[in-house]
Amino acid sequence: DQQVALHQAAIADRRIVTKADIAELDEVARLTLRLKSLNAGAEIRIVSHGAIAADELFGAALVDPQTGRADLDRWLNLDGHRAADDHHDHADDDHPDHHHPHIRFSGGPAHGDAIGTWLIEEENPVDWERLSPLLGAIVSHYGDRLLRLKGAIFTADDPRPLVMHGVQRLFHPPVRLDRWPGPARTSIVAIGAPGAERAAALIAAALSESVARPLAAE
């Protein structure tokens, strides 16, 4: 089923293009661009003659199988999402509410595909006790359109990143990592079918609403 294949290509952490040795170069290039348009944050490996190492097939999860440690940079690939948004033609920017300051559109409908990918970020620490039920309500309502959510949360009560990950309405319990690979900030990647853009906007609003307020000076 073509739609199932499209969904799988969009939500995967790494895509493998095989048989590049027997395909035309322009065909491989077109497929690579299509995969990037679906999800600019997911890696793409081009394979000729079936030559690929096992860790390139299975080493895309949060935990690096070589070191046994979490690799947040690789798993989220925030630079890939940011670069895709920087090169995106913001044709609808005449509408002031089209792009929330914390949302980066990094692939999907504007490229002719029915699946979109958004990077939603907040630099200030958030109150997880406030944010968690808000995200739960969004996922409950839009879970049929949200194909995948993954991210790291910058919480006010703990300096370590809190990692969240779910597919539609099924979520793993959030886990704490030892440290941030760079500056601490909340970054959530949302991948969804038509209608998920509303969920992405609501997630951005939830982050804004959950920013931890400084304690009033006594």
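Residues numbered from 1 in each chain as written. Predicted model: local features only at pLDDT ≥ 70, side-chain atom pairs only at ≥ 80, totals over all residues. Heavy atoms only, no water.

A. How the structure looks around the overall build of the protein. Scanning the protein from N- to C-terminus turns up seven helices and nine strands. Taken over 218 residues, the protein has a buried fraction of 42%. As presented, the protein carries roughly 12100 Å² of accessible surface, and 53% of it is formed by carbon and sulfur atoms. (Helix = DSSP H or I, 4+ residues; strand = E, 2+ residues; numbered from the N terminus. Buried < 20%, exposed > 50% of the residue type's maximum accessible area, 1.4 Å probe, protein only. Areas by Shrake-Rupley, 256 points an atom, 1.4 Å probe, with all protein chains shown as cover.)

B. Representation of the side chain of lysine 150 within the structure. Locating lysine 150 in the fold gives a position in strand S5 (residues 146–153). Note on lysine 150: relative accessible area 6%, which makes it buried. Within polar-contact distance, the side chain of lysine 150 engages the side chain of aspartate 13 at 2.5 Å. (Polar contact = N/O pair within 3.5 Å; in protein donor to acceptor, adjacent residues only side chain to side chain.)

C. Spotlight on empty space enclosed by the protein. One pass over the full model with this rule turns up one cavity of 30 Å³ or more. Every residue lining the largest cavity is listed: Asp13, Gly41, Ala42, Glu43, Ala60, Arg74, Trp75 and Lys150. (1 Å grid on protein atoms, 1.4 Å probe; cavity = no way out; pocket = protein on both sides within 12 Å on 5 of 7 lines; lining within 4 Å. Points joined across faces, edges and corners; volume = space filled by probe spheres on them.)

D. Seen up close, the pairing of strand S2 (residues 43–46). For strand S1 (residues 14–17) and S2, the ladder comprises four bridges, and the chain directions are parallel. Bridging from a neighbouring strand, isoleucine 16 pairs with arginine 45 of S2. Assessed by its sense of winding, the connection that carries the chain from S1 through helix H2 (residues 25–38) to S2 is right-handed. (Pairing = 2+ DSSP bridges. Right-handed = clockwise from strand over helix to strand, strands pointing away.)

E. How the structure looks around the packing of helix H1 (residues 2–11) against H2. Between H1 and H2, the least distance of the axes is 8 Å, while the angle of their chain directions is 75°. Relative to H2, the element H1 lies roughly perpendicular. Along its contact with H1, which presents Leu6, Ala9 and Ala10, the element H2 presents Arg34, Leu35 and Leu38. The residue makeup of the contact of H1 with H2, split by class, is five nonpolar, no polar and one charged. (Axes fitted to C-alpha atoms, helices over the stretch in contact; angles between N-to-C directions. Parallel < 35°, antiparallel > 145°, perpendicular 65-115°, else oblique. Contact = heavy atoms within 4.5 Å. Nonpolar A, V, L, I, M, F, W, Y, C, P; charged D, E, K, R; others polar.)

F. Here's a closer look at the environment of histidine 165. Relative to the elements of secondary structure, histidine 165 occurs in strand S6 (residues 162–167). Taking the C-alpha atoms as reference points, histidine 165 and arginine 148, 17 residues apart in sequence, are found 7.7 Å from one another.

G. A look at the confidence of the model for the protein. Per-residue confidence for the protein averages 84 on the pLDDT scale, and 86% of its residues sit at or above 70. Per-residue pLDDT stays below 50 along residues 89–101; that stretch engages in seven contacts with residues further than four places along the chain or on separate chains. (pLDDT = per-residue confidence, 0-100.)

H. A look at unusual backbone geometry. We note that lysine 19 has phi near 60°; this positive angle belongs to a residue other than glycine. You can see lysine 19 is positioned in the loop between S1 and H2. The class of lysine 19 is exposed, set by a relative accessible area of 55%. Unusually for a residue other than glycine, glutamine 168 sits at a positive phi of about 55°. Here glutamine 168 is to be found in the loop between S6 and strand S7 (170–171).

I. Summary view of the packing of aromatic side chains. Within the structure shown, the criterion is met by one aromatic pair. Here phenylalanine 154 and tryptophan 180 contribute two aromatic rings whose centre-to-centre distance is 6.1 Å and whose plane-to-plane angle is 80°, an arrangement assigned as edge-to-face. Within this pair, whereas phenylalanine 154 is found in the loop between S5 and S6, its partner tryptophan 180 is found in the loop between strand S8 (175–176) and strand S9 (186–192), the two being separated by 26 residues in sequence. Like phenylalanine 154, the residue tryptophan 180 is buried in the burial classification. (Phe/Tyr/Trp six-rings, centres within 6.5 Å; stacked < 30°, edge-to-face > 60°.)

J. Just the nonpolar core, in detail. By size, the foremost hydrophobic cluster in this structure holds 25 residues, and its most contacted members are Ile120, Leu131, Leu146, Leu149 and Ile153. Counting only elements with at least two residues in this core, the list comes to strand S3 (103–107), strand S4 (116–122), helix H6 (128–142), S5, S6, S9 and helix H7 (196–210). It is H7 that provides the largest number of residues to this core, a total of seven residues. Ignoring any residue separated from it by four or fewer positions in sequence, one finds leucine 149 in contact with Val139, Met164, His165, Gly166, Phe171, Ile188, Val189, Ala190 and Ile203. Formed by 22 residues, the second largest nonpolar core is a distinct cluster that contains Ala9, Val17, Ile115 and Trp180. (Core = buried A, V, L, I, M, F, W, Y, C linked by side-chain atoms within 4.5 Å.)

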